[in-house]
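Next come the chains, spelled out residue by residue.
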Amino acid sequence: MADLSAREPCAGLGLPLTLGGCRLAALPVERITAIQPFPGKVAAVETVLRAQGLRFPAPGHSHEAGGARIVWAGRETAFLFGMAAPEGLSAHAALSDQSDGWAGLRLEGPDARAVLARLLPIDLRAGAFEPEACARAPLNHMQVLIRRAGEAAFDLFVYRSMAGTAVHELTDAMRAVAARQAAVR
Amino acid sequence: MTHRIPGKGLIDRTRPLRFSFDGREFEGFQGDTLASALLANGVQLVGRSFKYHRPRGVLTAGSEEPNALVEVIEGKQKTPNVRATVQELYGGLTVQSQNRWPSLRFDVMAVNDRFAPFLSAGFYYKTFMWPRAFWEKVYEPAIRRAAGLGALSGLHDEGRYEKAFAFCDVLVIGAGPTGLMAALVAGRAGADVILADEDARMGGRLLSDQPEVAGQSGPDWAADMLAELAAMPNVRLMTRTTVTGVYDGGTFGALQRVGLHLADPGDLPRECFWRIVAKRAVLATGALERPIAHPDNDRPGVMLASAVQSYVARYGVNPGRVVVFGNNDSALQAARDLTAQGVQVAGYVDPRADVSVLEEFPVYPGGQVVGTRGRLGLREVAVRHGGGVSMLTAETLALSGGWNPSLHLTCHLGGRPDWDERLAAFVPRAGMVAGMSVAGAARGRFSTAACLADGAALAAEVLADMGIAGHDMPLPAAEDRSYAIAPFWAVDAGGRAWLDFANDVTTKDVQQAAQEGFSSVEHMKRYTTQGMAPDQGKSSNVAALAVLADATGQGISATGTTTFRPPYTPVSIAAMGAGGRGMGFAPERLLTSDSQTRAMGAPMIEAGLWYRPSYFPRAGEATWREACDREVSMVRTAVGVCDVSTLGKIDVQGPDADRFLDLIYTNMMSSIKPGRTRYGLMLREDGHVMDDGTCARLGEAHFLITTTTAAAGPVMRHMDFVHQAFCGDWAVRFTSVTEQWAQFALAGPKARELVNKLLETPVDAENFPFMACGPARILGVEGRLFRISFSGEMGYEIAVPARFGAAVFERLVAEAEAMGGGAYGMEALNVLRIEKGFITHAEIHGRVTAFDIGMQGMVSAKKDCIGKSASQRPGLMGPEREQLVGLVPVDPQAELSAGAHLYNENDPATRVNNQGYVTSAGYSPTLQSWLALGFLRDGRARHGQIIRLDDGLRGRKVACKVVHPVFHDPEGGKLRG
Amino acid sequence: MRISCPCCGPRDRREFTYYGAADYLNRPALDADASAWDDYLHLRDNPAGETRDLWYHDPCGTWVAVTRDTVTHAVIAAEAVA
Ligand SMILES: [Zn+2]
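Definitions and cut-offs
- Residues numbered from 1 in each chain as written.
- Chains lettered and ligands numbered in written order.
- Predicted model: local features only at pLDDT ≥ 70, side-chain atom pairs only at ≥ 80, totals over all residues.
- Heavy atoms only, no water.
- Contact = heavy atoms within 4.5 Å.
- Buried area = accessible area lost by both parts, 1.4 Å probe.
- Salt bridge = Lys/Arg side-chain N within 4 Å of Asp/Glu carboxyl O.
- Polar contact = N/O pair within 3.5 Å; in protein donor to acceptor, adjacent residues only side chain to side chain.
- Helix = DSSP H or I, 4+ residues; strand = E, 2+ residues; numbered from the N terminus.
- Phe/Tyr/Trp six-rings, centres within 6.5 Å; stacked < 30°, edge-to-face > 60°.
- Buried < 20%, exposed > 50% of the residue type's maximum accessible area, 1.4 Å probe, protein only.
- Donors = N, O, S within 2.8 Å, 3.2 Å for Na, K, Ca; no water.
- Tetrahedral: all angles 85-135°; square planar, octahedral: opposite > 155°, others 65-115°.
- pLDDT = per-residue confidence, 0-100.
- Domains from an automatic or database assignment.

**Things to note about the interface of chain B and chain A**
Here's step 1: In this assembly, 62 residues from chain B lie in contact with 47 residues from chain A.
Here's step 2: Contact between chain B and chain A buries roughly 4,400 Å² in total, counting both sides, with carbon and sulfur atoms accounting for 55%.
Here's step 3: Per-residue buried area on chain B facing chain A is highest for F167, R733 and R803 of chain B; these three make up 18% of the total on that side.
Here's step 4: Linking chain B with chain A are 5 salt bridges.
Here's step 5: Here R733 of chain B ties to E76 of chain A by a salt bridge, and the two come within 3.5 Å at their closest N and O atoms.
Here's step 6: Between chain B and chain A we count 25 residue pairs in polar contact (both at pLDDT 80 or more) in total.
Here's step 7: Only β8 (161–173), β13 (271–283), β29 (589–590), β33 (648–653), β37 (733–736), α20 (751–758) and α21 (805–818) of chain B provide two or more residues apiece to the side of chain B that touches chain A.

Laid out in structure tokens, this is it:
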């Protein structure tokens, strides 16, 4: 039987694109596992994760180790990116594969914060949303997971089916912000 | 531009701009507003009033303008009610006056002015009452034609609008002397500051009356301070931004004009509506001058004294000879300032007898303006004084009835201001808005020095409150004149004296309202329409209630104010709804099969946020029905493929997962064996059906449940509630995996043959029976297989990780077509499930119980579940309930429609005779008949009866036989085979 | 109005879905009499002043019991129900 061809969630959406001081690109598709520790099992989960150099993140936090990232992703939930769930975790936590459920986007550049301020009603000022901070929040009408990936870089994860709308919304905001910067100059 | 003072003003005379008003070309300069440019061209008449169509000119130099409302024309688009005092001039600006026909100088409706005695307060209420039948046909259309300000183009608004969010420590509202000082103090201390000002240029009255500050001119000092603020990374300057509303929790609405001042805005939005969250706010909005009501005070050329100063000093407009009429020290100072700037002041008129007469212009102590003359613009002012009435020749009459602190925003959360007798004005009380400090003129501190000091002091207080250390900042020197006023609201000299220019309300209207018993301020407002125009009575409310207080003898303090509500200035609906058009209205959720589906020509239909195919047309099919009928037959005789990924999928895991599912479903889920699937019903706690779906046990402690497409979100929320509220300590976790999996239904007698073409390990009726589930390798990919059906035929659903969805769909369709089948869409899916009596949210619409749909047997007697107790209460089951039935027309070709009601054969179609209603209908090619599902009172006992379907909307009456809701294969042999 | 989600911090109330009074947390036993269930499902106070109600923070999935004042609009407390 012929093997199936895989399609990336942002295929055909015209990425990457640069408008004004901002670049929008699709993130490479990675393994994503949702980890939801059972009641009283966070410590046990931590023990397993520690072998990988990871901890179970507090709300609004994420961190990286050895090419993997663990990101708080909602109530009692973290997403592990970039590696398979470590052995032994399933005894203490519900694990589910989410690798195909999300479209990852990176918005980067000096205007990134201004663009996001058009879409997300949360405080993304540098002091309020530090590097590696993350949040669940609406991007216009879509619930997203946002993470600060650098000085002026943000990773956004939206439901795969909404990737087109998300790119459209971001592009629209990028265009308006670019026009403002052009007007200032 | 004959009316410009050489060298004066903050306009850029190196950048002339052409614009047109009512078809005539004019020239102004960069830095002009439309109002200043018109005045500089000697144009005094800019509009007609709302009710009497009286000629009107520019009254103010700010956003409170009641008169000078115009239409801005951009191509085919028209924006009505633009304030000429706010619209900045740009090259090519095209403007039209409004509320006049056929022309501004000759307006037919001005005849209303002759009938003024009949159009007084309460006119509409008194006249358009009887006969009642006249209201809709005669009165309302007539009123609508005559009333209203400006007109819309009637075209779709193609303009771009934007919304945005901002957060800060301190929001400073207003960038006059007070706001600038507050922002400086907070900015230097390192706080995150937003300074918002509605003008295109910050500085407030430093730009208009130009007091000296720290030895510099007002504009120069403001420019220096702004340069310092602009260099601070923690300060954001927002010009052209009006803070329009205050909301709970430190939230502010603000409207920013972004592209409205540019000839070619390109990709810039016209406006941006900001939602600003601030820990603290400093309100430094200054004060608004108010006019004095005297006969014919609405003639073009009559302006506020502060506006005259602004047009002279900021815009270099020559106002001609000016008479100043005021009752306070600021008015006298305006006359002095104008004289100092070279303007000829023809007279200063003040009702106060003791006013200084040692001035460079004639002073009329104890004087009053009793009239004005000039057909379409001011020529003469009649002044009554000790010696009788003098006629003063003047082109401009400058009025000052005193100052009202701009405290509107302090009232947005319900606070009420205090009446200050000394200032003859309302002033804010402390604590009207939590976290907001009111500073400067906005709380009645009017001198420049007082404003600077207050801005600095309150900012320091705010910083201390937030625990931010501030520096001591020396206060710059500035004038510190006192302000004295003798309250004076209206001249008593017969004739009509205007209060509310925008809505044509006179002092007589207010007095009449009081006489007729509308003596509370809120009643007077609604009876006379005082303060109900776009300007919301900013320049007239206080005088109106003073006149009311006088008429009722109550005093102003007891009379009180009307309520100030957001927005402070008009906000376009487009700006508030920005981002809500097209994809911004709702996200578009696309299936992995979307591209191929569209390539196959399928029209898409919305299902929740998802886009699903209606049907897949083939050559030779002229209507959707032909395609639908073919697709249904294809499933019944061969095999069909349908993308069902939109169904909600929730992964439920944990040692207590089975207990938890027992609690949320009516039926027992803990007894499902791994590898098996069960249909499940969920109730709301009030006993009504919430949703239905399947529950597959993938492992001992691992379930996958499905929800209907539309209910996926609500079911997740419900499960979160049940878990967190009642059993948070149970070892169960769940998460949505809807998007992870692409899932396809294969239905029809050849479904097994088709599924086996994709499976590495083929299945048969024994090793994978009806309702089986499990992992499966599908074309080399790890997926899942379910033996479930929503069509009544043998059915499989295969799930693969979404990245493979497109490829699997393509392969499935190709294989199915080779077997005489193919893809089917929502229309066929709907007919298939109606034939089988399967319910959707058309049936479980929120008002039906398990009993109503014949599933009371699924409410397990062995356990509790959400909704169980309520589902058994009296009234939720029994013969009085409308119960699910099937309906077959006596004439099989008679069309049935959802939404129709059911009546006994000979009963008239009235509410009391209603027996039920139809929820779903469709034509069954299988049974060669129309079929419907519906709810009928005591329906299960009435199988075999004839009932009349009555569709009043379509004028359709069809005799139907009541039958069991499962029309096709009631034994289920095909399903299980 | 802003509500502080115990997980996410202060957020605009548009991010929340309102359910109803916190009474919904006190679910009667299955065999409780009809009036107890009637109370639970349908009978609510309408206080001018302090009230406690349930809000769902859609972005993170937390149910929050919010104590607030219907007169002043002050949000006094917000805590996770579990
Ligand atoms: Zn939250």
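**Quick look at the packing of aromatic side chains**
Here's step 1: What the rule picks out here adds up to 29 aromatic pairs over all chains.
Here's step 2: Here Y18 of chain C and W55 of chain C contribute two aromatic rings whose centre-to-centre distance is 5.0 Å and whose plane-to-plane angle is 70 degrees, an arrangement assigned as edge-to-face. Of this pair, Y18 of chain C sits in strand β3 (residues 16–21) while W55 of chain C sits in strand β4 (residues 50–57), and the two are 37 residues apart along the sequence.
Here's step 3: The buried category is assigned to W55 of chain C, whose relative accessible area is 7%.
Here's step 4: Through a chain of ring-to-ring contacts, three or more aromatic side chains come together here, namely F721 and F726 of chain B together with Y19, Y24, W37, Y40, Y56 and W63 of chain C.

**Structural notes on the coordination of the zinc ion**
All names here are of chain C.
Here's step 1: Bound to the zinc ion on the protein side are C5 (SG), C8 (SG), H57 (ND1) and C60 (SG), at distances that span 2.0 to 2.4 Å.
Here's step 2: Between the 4 donor atoms coordinating the zinc ion, the angles at the centre fall across 106 to 116 degrees, so the site counts as tetrahedral.
Here's step 3: What makes C60 buried here is its relative accessible area of 7%.

**So, the confidence of the model for chain C**
Here's step 1: Per-residue confidence for chain C gives a mean pLDDT of 96, with 100% of residues at or over 70.
Here's step 2: Predicted complex metrics record ipTM = 0.99 and pTM = 0.94.

**Some points on the domain arrangement of chain A**
All names here are of chain A.
Here's step 1: Per the domain assignment, the segments of chain A are domain 1 (17–29 + 100–184) and domain 2 (32–97).
Here's step 2: Taking the mean C-alpha position of each, domain 1 and domain 2 sit 25 Å from one another.
Here's step 3: The interface is formed by 9 residues belonging to domain 1 together with 13 residues belonging to domain 2.
Here's step 4: Roughly 970 Å² is buried in total at the junction of domain 1 and domain 2, and carbon and sulfur atoms are behind 60% of that figure.
Here's step 5: When residues of domain 1 are sorted by the area they lose upon contact with domain 2, E132, C134 and R147 head the list and together hold 46% of the total.
Here's step 6: Where domain 1 meets domain 2, there are 1 salt bridge.

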